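Architecture and fold: a report
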Amino acid sequence: DAKTTQPPSMDCAEGRAANLPCNHSTISGNEYVYWYRQIHSQGPQYIIHGLKNNETNEMASLIITEDRKSSTLILPHATLRDTAVYYCIVRVSWVVGDMRFGAGTRLTVKP
Amino acid sequence: DGGITQSPKYLFRKEGQNVTLSCEQNLNHDAMYWYRQDPGQGLRLIYYSQIVNDFQKGDIAEGYSVSREKKESFPLTVTSAQKNPTAFYLCASSQSSPSYEQYFGPGTRLTVT
């Protein structure tokens, strides 16, 4: 499995975009980048995933660099409810059980 | 409402007792998973099951056991052999393929004293 590196914590002002970086320099060609988040004492919630193209859904955008060695999760207009731990995971999508959560980034959205 | 149910939310046991954590899903997912989370840490995979009557060990299976007799149920037993059972336990489910995300339950916080 490719390992990921994320900053342990970040702050963001309410209403501004939150940009959460993730380094995955050893990612292989068949590994996807997944993002989940975990609000305190709840189960993680799926946000988005991608292979090499940028992706957008109703929650967030995922920007993956051309060399695929890093990515950025963007929450376009952060709210207080976006305060959570965000996990970046790289995995081969069709391998069941191949999900490894690191320590993630604790995002605090401030008023 | 479709989703994953874990019960109870809080569970207290004495050391030396086995305890079974419940996980039920009505999402018609083939695969189910159990994770353990310690304070300030990420999730670690205990067991997973791709199909009924089949399951595989994850990274930290020692001291745990599971069964998968029904598609919608995947109970986890924390045995007395688990040295540090106090933790937050999360159950998840997903489709088996091709590109799938895992859906998580609300978790059970187990405290063993």
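For the structure itself, look to the data block above.
Let us look at the structure shown here. Note on numbering: residues in each chain are counted from 1, in written sequence order. Whichever chain is written first becomes A and whichever ligand is written first becomes 1, with later ones labelled in order. Selection of residues for local features in this predicted model requires a pLDDT of at least 70, selection of side-chain atom pairs for listing and counting requires 80 or more, and totals for whole chains, interfaces and linings are taken over all residues. Working from all heavy atoms in the structure, the side-chain values ignore hydrogens and water.

This part covers the nonpolar core. Generally speaking, soluble globular proteins have nonpolar side chains that are buried together. Residues and elements named next belong to chain A. Among buried residues, those of type Ala, Val, Leu, Ile, Met, Phe, Trp, Tyr and Cys that are joined through side-chain atoms within 4.5 Å constitute a nonpolar core. Burial here depends on accessible area, computed with a 1.4 Å probe over protein chains only, as a share of the maximum for the residue type. Under 20% is buried, over 50% is exposed, and the range in between is partly exposed. Formed by 21 residues in total, the largest nonpolar core has its most connected members in Trp-35, Leu-73, Tyr-86 and Leu-107. Only strand S2 (18-23), strand S3 (31-38), strand S4 (45-50), strand S6 (61-64), strand S7 (70-75), strand S8 (84-92) and strand S9 (105-110) provide two or more residues apiece to this core. When near neighbours in sequence (up to four residues on either side) are disregarded, Leu-73 contacts Ala-18, Asn-19, Leu-20, Trp-35, Ile-47, Ile-48, Ala-60, Ser-61 and Tyr-86. Helix and strand definitions here come from DSSP, where helices need a minimum of 4 consecutive H or I residues and strands a minimum of 2 consecutive E residues; each element is numbered from the N-terminal end. Contacts are assigned to residue pairs with any non-hydrogen atoms lying within 4.5 Å of each other.

To continue, consider the sheet that holds S7(A). Residue and element names in this part refer to chain A. Here we have four strands laid out as an open sheet, ordered S2-S7-S6-S5, and antiparallel in their pairing. Strand pairing shows two members of the sheet lacking a second neighbour, S2 and strand S5 (55-56), which therefore form its edges. For S2 and S7, the ladder comprises six bridges, and the chain directions are antiparallel. When the sheet's bridge partners are listed, Asn-19 is paired in S7 with Ile-74. Should DSSP find at least two bridges between two strands, the strands are taken to pair.

All right, on to the side chain of Thr77(B) then. Residue and element names in this part refer to chain B. With respect to the element layout, Thr-77 can be found in strand S8 (residues 76-78). The class of Thr-77 is buried, set by a relative accessible area of 19%. Looking at Thr-77, its side chain comes within polar contact range of the side chain of Thr-20, at 2.9 Å. In this structure Thr-77 touches Asn-18, Val-19, Thr-20, Gly-63, Tyr-64 and Ser-65, once residues within four positions along its chain are discounted. N or O atoms closer than or at 3.5 Å make up a polar contact, with two conditions inside protein: a donor-capable atom paired with an acceptor-capable one, and, for residues adjacent in sequence, both atoms drawn from side chains.

Turning our eyes to something else, we now look at the sheet that holds S8(A). Residues and elements named next belong to chain A. One open sheet accounts for five strands, arranged S1-S9-S8-S3-S4; its pairing is mixed. Looking at the sheet topology across the chains shown, the edges are occupied by strand S1 (9-13) and S4. Shown here is a sheet whose adjacent strand axes are inclined to one another by a mean of 25 degrees, direction ignored. Note: S3 against S8, eight bridges, orientation antiparallel. When the bridges of S8 are listed, Glu-31 appears paired with Val-92. Where helices are involved, their axes are fitted lines through C-alpha atoms of the stretch in contact, as for all axes, and angles between N-to-C directions lie from 0 to 180°.

All right, on to the interface of chain A and chain B then. Every contact between the two is made by 22 residues of chain A and, on the other side, 24 residues of chain B. Interface area, chain A with chain B, both sides summed: about 1700 Å², of which 51% is carbon and sulfur. Counted as salt bridges are all cases of a side-chain nitrogen of Lys or Arg within 4 Å of a carboxyl oxygen of Asp or Glu. Scanning the region where chain A abuts chain B turns up zero salt bridges. Applying the counting criterion to the chain A and chain B interface returns three residue pairs in polar contact (both at pLDDT 80 or more). Looking at the side of chain A that touches chain B element by element, the count peaks at four residues for S3(A). When grouped by side-chain class, the residues that make up the side of chain A that touches chain B number twelve nonpolar, eight polar and two charged. Throughout, the accessible surface (probe 1.4 Å) given up by two parts as they are put together, summed over both, is called the buried area. Side-chain classes follow a simple rule in which Ala, Val, Leu, Ile, Met, Phe, Trp, Tyr, Cys and Pro form the nonpolar group, Asp, Glu, Lys and Arg form the charged group, and the remainder, Gly included, forms the polar group.

Disulfide assignment relies on a single distance test, namely cysteine sulfur atoms paired within 2.5 Å. The tally for this structure, following the rule as stated, stands at two disulfides over all chains. Residue pairing for Cys22(A): its cysteine sulfur links by disulfide to Cys88(A), the two sulfurs lying 2.1 Å apart. Between Cys22(A) and Cys88(A), the S-S torsion sits near -80 degrees, and that sign places the bridge as left-handed. Of this pair, Cys22(A) sits in strand S2 while Cys88(A) sits in strand S8, and the two are 66 residues apart along the sequence. The residue that forms a disulfide with Cys23(B) is Cys91(B), at a sulfur-sulfur distance of 1.8 Å. On the sign convention where negative means left-handed, the S-S torsion of about -75 degrees between Cys23(B) and Cys91(B) marks this disulfide as left-handed. Taken together, the residues Cys23(B) in strand S3 (residues 19-25) and Cys91(B) in strand S9 (residues 87-94) connect sequence positions 68 residues apart. Accessibility classification places Cys23(B) together with Cys91(B) in one group, the buried group. The structure places no disulfide on Cys12(A), whose sulfur is separated from the nearest cysteine sulfur, that of Cys22(A), by 18 Å.

Turning to the packing of aromatic side chains, a few remarks are in order. In this analysis, rings of Phe, Tyr and Trp, with Trp reduced to its six-membered ring, are considered paired at centre separations within 6.5 Å, and the interplanar angle assigns stacked below 30 degrees, edge-to-face beyond 60, and tilted for intermediate values. What the rule picks out here adds up to 13 aromatic pairs over all chains. With a centroid separation of 5.8 Å and an interplanar angle of 80 degrees, the aromatic rings of Phe101(A) and Tyr35(B) are classed as edge-to-face. With Phe101(A) in the loop between S8 and S9 and Tyr35(B) in strand S4 (residues 31-37), the pair connects residues from two separate chains. Here Phe101(A) matches Tyr35(B) in class, with each residue buried.

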